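In case you want the letters, here they are:
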Amino acid sequence: MKIYLDNAATTPLDPAVLDAMTPYLLEHFGNPSSQHQYGRKARSVIENCRSSIAVHLNCLPEEIIFTSGGTEADNIALVSAVTLGGVDHVITTPFEHHAVLQTLKSLAKSHDVRTSFLQHDNRGNLDPDHLHYLLRTNTRNLVSVMHANNEIGNLNDIAQIAESARHFKALFHTDTVQTMGHYHYNLATLPAHFLAASAHKFHGPKGVGFLYCRKGTPLARLIHGGGQERALRAGTENIPGIVGLATALDLAYQNLVKDHLYIQSLKDRLIRQLRSLLPEVQFNGNSALAEQSLYTVLSVNFPNQQPDLLRALDEQGIAVSGGSACSTGAASHVLKAIGVTNGNTIRFSFSRFNTPEQIDRAAFVLAGICELVAA
Ligand code: PLP
């Protein structure tokens, strides 16, 4: 039995999403910039998708810019804030994805901008007093805090953080790559300027995502060329991808409550099994706390294990990861930030396509591997 428990790296495409995309690969293949019927059809599809996403997020269609995924959306947001938004100080966290951290590093080399990292406790909970202090003592701020961490699953209170940013007239960006389609967003009440999302994390296709940019917030042009996406992002649009993205988001929001309960039950089941089969395991950050962590992610530390647990599981057909898929092999900056430097961490991440039987099998196989190692 092959078991895929690495849904934070990417999710399988929902067959219904593929069905929605197929006509735009085969029949309606027109270039949306063309004036003939093929082109007009493609243009209207893009705008329908944009509107449907905007309805889910309660924002304006023109506030949605299609991108190649989460990384590009994060890049555009940060570069825009620094190059056009007058920002010279970014307040962020050591837990952000490299799409944010590396972009900030690069901006610090080319622009007059400093970065401060929010203080946190050893579970990764951010210190709101430190945020207020940093906002008070600097003036042209951007706050960039992810909604949920992709490695340990910690959820940040972005409503409160956005409110603090608003109070101090700072820009606010949030990376929602792991949470879009898993939680509701109401951008009429959440005072965010930028939000980044990626379709392949909610059963959509890879290579497509979007940036939300609040009306009136200046946006930098990173890709030069034609006038697509209001001349903000040149290049012929990825129509099948955009259709897949919008369809996947529709499906995610139609079934959100049901899927949330189901996936949380899978996560709780694995926590119970691991606690009973392997009492020495520890859960990283807030991973095991239902209210304070993403229901799709469980990060587990095995204090006494050899570092090839992942390979041993893979050999038994069970796909999990050690942390972020993008930094495979490198020591995790997230685990380091919360002081987890010993043992062996496995990130299990779930989707609506997993079953309780798969969870039981994964726990059983894992316990067997750990016993062998201990013997
Ligand atoms: N931000 C977070 C939190 C992620 O988990 C990822 C991907 O794993 C990204 C950004 C990058 O998204 P994409 O793969 O769409 O470029």
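What you are looking at is a predicted structure, and each value in this text was computed from that prediction instead of being measured.

What counts, and where the lines are drawn
Residues numbered from 1 in each chain as written. Predicted model: local features only at pLDDT ≥ 70, side-chain atom pairs only at ≥ 80, totals over all residues. Heavy atoms only, no water. Core = buried A, V, L, I, M, F, W, Y, C linked by side-chain atoms within 4.5 Å. Buried < 20%, exposed > 50% of the residue type's maximum accessible area, 1.4 Å probe, protein only. Domains from an automatic or database assignment. Contact = heavy atoms within 4.5 Å. Pairing = 2+ DSSP bridges. Helix = DSSP H or I, 4+ residues; strand = E, 2+ residues; numbered from the N terminus. Axes fitted to C-alpha atoms, helices over the stretch in contact; angles between N-to-C directions. Arc of directions from axis to C-beta. Parallel < 35°, antiparallel > 145°, perpendicular 65-115°, else oblique. Left-handed = near helix turned anticlockwise from the far one by under 90°. Nonpolar A, V, L, I, M, F, W, Y, C, P; charged D, E, K, R; others polar. Near = heavy atom within 4 Å. Polar contact = N/O pair within 3.5 Å; in protein donor to acceptor, adjacent residues only side chain to side chain. Areas by Shrake-Rupley, 256 points an atom, 1.4 Å probe, with all protein chains shown as cover. Expected span 1.5 Å × (residues − 1). Buried area = accessible area lost by both parts, 1.4 Å probe. Salt bridge = Lys/Arg side-chain N within 4 Å of Asp/Glu carboxyl O.

**Things to note about the nonpolar core**
Thought 1: L57, V143, M180, F210, L274, F348 and L366 are the most contacted members of the largest nonpolar core, which has 91 residues in total.
Thought 2: Built from parts of two domains, this core gets at least three residues from each of domain 1 (3–11 + 256–374) and domain 2 (15–254).
Thought 3: The residues touching V143, leaving out its near neighbours within four places in the chain, are I91, L131, L135, I161, A165, A170, L171, F172 and H173.

**Considering the sheet that holds strand β7 (residues 194–198)**
Thought 1: Pairing is mixed in the open sheet, where seven strands are placed in the order β2-β8-β7-β6-β5-β3-β4. Each edge of the sheet is formed by a strand with only one pairing partner; in this case those strands are β2 (64–67) and β4 (114–117). Put simply, the sheet's adjacent strands are angled 20° from each other on average, direction ignored.
Thought 2: When strand β3 (residues 89–92) meets β4, the two strands line up parallel, connected through four bridges. Residue H89 lies in a different strand from β4, and its bridge partner there is R114.
Thought 3: Against the sheet, helix α6 (residues 158–167) contacts β5 (141–144) and β6 (171–175), and its axis sits at roughly 160° relative to β6.

**Notes on the sheet that holds strand β10 (residues 297–302)**
Thought 1: Ordered by their spatial adjacency, three strands build an open sheet running β9-β10-β12, and the pairing between neighbours is antiparallel. Strands at the two margins of the open sheet, each flanked by one partner only, are β9 (282–283) and β12 (344–349).
Thought 2: Strand direction decides the pairing type here: β9 and β10, joined by two bridges, are antiparallel. Along β10, the bridge assignment pairs Q282 with N301.

**Concerning α6**
Thought 1: Residues of α6 that are buried include every one of I158, I161, A162, S164 and A165, and no others. With its buried residues spanning 160° around the axis, α6 presents them on a single face.
Thought 2: Among the structural elements, α5 (128–137), β5 and β6 are those in contact with the buried residues of α6.
Thought 3: Of the residues trailing α6, K169 is marked for its positive phi of about 60°.

**A look at unusual backbone geometry**
Thought 1: One non-glycine residue, N58, lies in positive phi territory at about 55°.
Thought 2: Positive phi, normally seen in glycine, also occurs at H203, with a value near 70°.
Thought 3: Positionally, H203 belongs in the loop between β7 and β8 (209–213).
Thought 4: A relative accessible area of 3% places H203 in the buried class.

**So, the packing of helix α2 (residues 37–57) against helix α8 (residues 239–254)**
Thought 1: The N-to-C vectors of α2 and α8 enclose an angle of 30°; their axes lie 9 Å apart at closest approach. One way to sum up the angle between α2 and α8 is to call them roughly parallel. Classified by chirality, the crossing of α8 by α2 is left-handed. From α2, A42, V45, I46, C49, S52, I53, H56 and L57 reach across to α8, where they touch I239, I242, V243, L245, A246, L249, D250 and Y253.
Thought 2: Per-class residue counts for the contact of α2 with α8 are 13 nonpolar, two polar and one charged.

**Observations regarding the site of the ligand**
Thought 1: For the ligand, the set of nearby residues contains 13 residues, the closest of which are G70, T71, D175, S198 and K201.
Thought 2: Here an oxygen atom of the ligand and a side-chain polar atom of S198 are 2.5 Å apart.
Thought 3: H200 places a polar side-chain atom, nitrogen or oxygen, 3.0 Å from an oxygen atom of the ligand.
Thought 4: Protein burial of the ligand: of its 390 Å² of free accessible surface, 89% is covered by the chains.
Thought 5: The element contributing the most residues to the shell around the ligand is helix α3 (residues 70–83), with three residues.
Thought 6: Across the shell around the ligand, the residue classes break down as two nonpolar, eight polar and three charged.

**Topic: helix α1 (residues 15–26)**
For an α-helix, 3.6 residues make a turn, and residues three or four places apart therefore share a direction.
Thought 1: Over its twelve residues, α1 runs 17 Å from end to end, which matches the ideal 16 Å to within 8%, given 1.5 Å per residue.
Thought 2: Taken together, the buried positions of α1 are occupied by V17, M21 and Y24. The arc that holds the buried residues of α1, viewed along the axis, is 45°, so those residues lie on one side. Seen from the open side of α1, the exposed residues pointing more than 90 degrees away from its buried face are P15, D19 and L26.
Thought 3: Along its buried surface, α1 packs onto α2 and α8.
Thought 4: The backbone nitrogen of A16 lies 2.8 Å from a side-chain oxygen of the residue at the head of α1, namely D14.

**Structural notes on the environment of C49**
Thought 1: If you trace the backbone, C49 turns up in helix α2.
Thought 2: Considered as a pair, C49 and G244 are 195 residues apart in the sequence and their alpha carbons are 9.2 Å apart.
Thought 3: Among all residues touching C49, those that are not within four sequence positions of it are F66, I242, V243 and A246.

**Brief notes about the packing of α1 against α8**
Thought 1: For the pair α1 and α8, interaxial distance at closest approach is 8 Å and the crossing angle is 155°. Taken together, the axes of α1 and α8 lie roughly antiparallel to each other. When the axes of α1 and α8 are compared, the crossing they make is right-handed. Across the interface between the two elements, A16, V17, A20, M21, Y24 and L25 of α1 pack against I239, P240, G241, V243, G244, T247, A248 and L251 of α8.

**Considering the domain arrangement of the chain**
Thought 1: For the chain, the domain assignment lists domain 1 (3–11 + 256–374) and domain 2 (15–254).
Thought 2: Summarising the inter-unit geometry, the C-alpha centres of domain 1 and domain 2 are found 27 Å apart.
Thought 3: Contact with domain 1, which involves 33 residues of that partner, is made by 37 residues of domain 2.
Thought 4: Around 2900 Å² of area is buried between domain 1 and domain 2 when both sides are counted, 52% of it from carbon and sulfur atoms.
Thought 5: The interface formed by domain 1 and domain 2 contains zero salt bridges.
Thought 6: Among the elements of the structure, α9 (256–277), β10 and α11 (333–337) are those that each provide at least two residues to the side of domain 1 that touches domain 2.
Thought 7: Looking at the side of domain 1 that touches domain 2 residue by residue, the class counts come to 13 nonpolar, 17 polar and three charged.

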